[in-house]
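Inside the fold
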Amino acid sequence: MVAADIPACVAVLRGHGPGHDVDEWLARFQRDVDSSEKHPVVAALAGAIVGYARTMPFEVEPGWPANVAPAGYYLLGLVVDLQHRRRGIGTLLTTERLRWLQGRAVEVWYYTHRTNTASQHMHEQLGFARVTDDFWFPGMGDDHGEVLYRLPLSPA
């Protein structure tokens, strides 16, 4: 992802579901692009962005709940345009992020809602193992329906 991709990524996100604050996401994507510790990626078909995915480090802060998710790198925000799903785009975006993390981390984390079985299946095929559904992560959904997965990475 580069700065010029950001408006198209926001459009993909808005197509995923209404109610997203455009200004917030424009700023969030810009922070991702500007950071050397994050690796936002896009998927394009015929020059049009049809998906994006984000990677970020997470640090635990004092005072957070005892069941806070572990510190480390997280795969977040994998979104593929509805018309282009189930074609391997999510797997390509995820494998690119895993490639980037190689040598930067010894493990990578991912979470999703327990009803998102397609995402769970894809990540399990890539070697992720389910860890728990009793954890807290900042900004996580109010229904606490997420499940946490972990993938150990091979040394570079």
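Scroll up to find the structure this text is about.
Residues numbered from 1 in each chain as written. Predicted model: local features only at pLDDT ≥ 70, side-chain atom pairs only at ≥ 80, totals over all residues. Heavy atoms only, no water.

Description of unusual backbone geometry
At A46, a residue that is not glycine, the phi angle is positive and equals roughly 50°. Residue placement: A46 occurs in the loop between β1 (41-45) and β2 (48-58). A positive phi angle, near 65°, is found at R86, a position not held by glycine. Overall, R86 belongs to the exposed group, its relative accessible area being 72%. (Helix = DSSP H or I, 4+ residues; strand = E, 2+ residues; numbered from the N terminus. Buried < 20%, exposed > 50% of the residue type's maximum accessible area, 1.4 Å probe, protein only.)

Some remarks on the pattern of salt bridges
As enumerated under the stated definition, the model contains five salt bridges in all. A salt bridge links R28 to E24; the nearest nitrogen and oxygen atoms lie 2.5 Å apart. Note that R28 and E24 are positioned in helix α2 (residues 22-34) at a spacing of four residues, about one turn of the helix. Using a relative accessible area of 23% as the deciding quantity, one classes R28 as partly exposed. We classify E24 as partly exposed; its relative accessible area is 35%. Between E96 and R99 there is a salt bridge, with the nearest N and O atoms lying 2.7 Å from each other. With a gap of three residues between them, E96 and R99 both fall in helix α3 (residues 89-101), about one helical turn apart. (Salt bridge = Lys/Arg side-chain N within 4 Å of Asp/Glu carboxyl O.)

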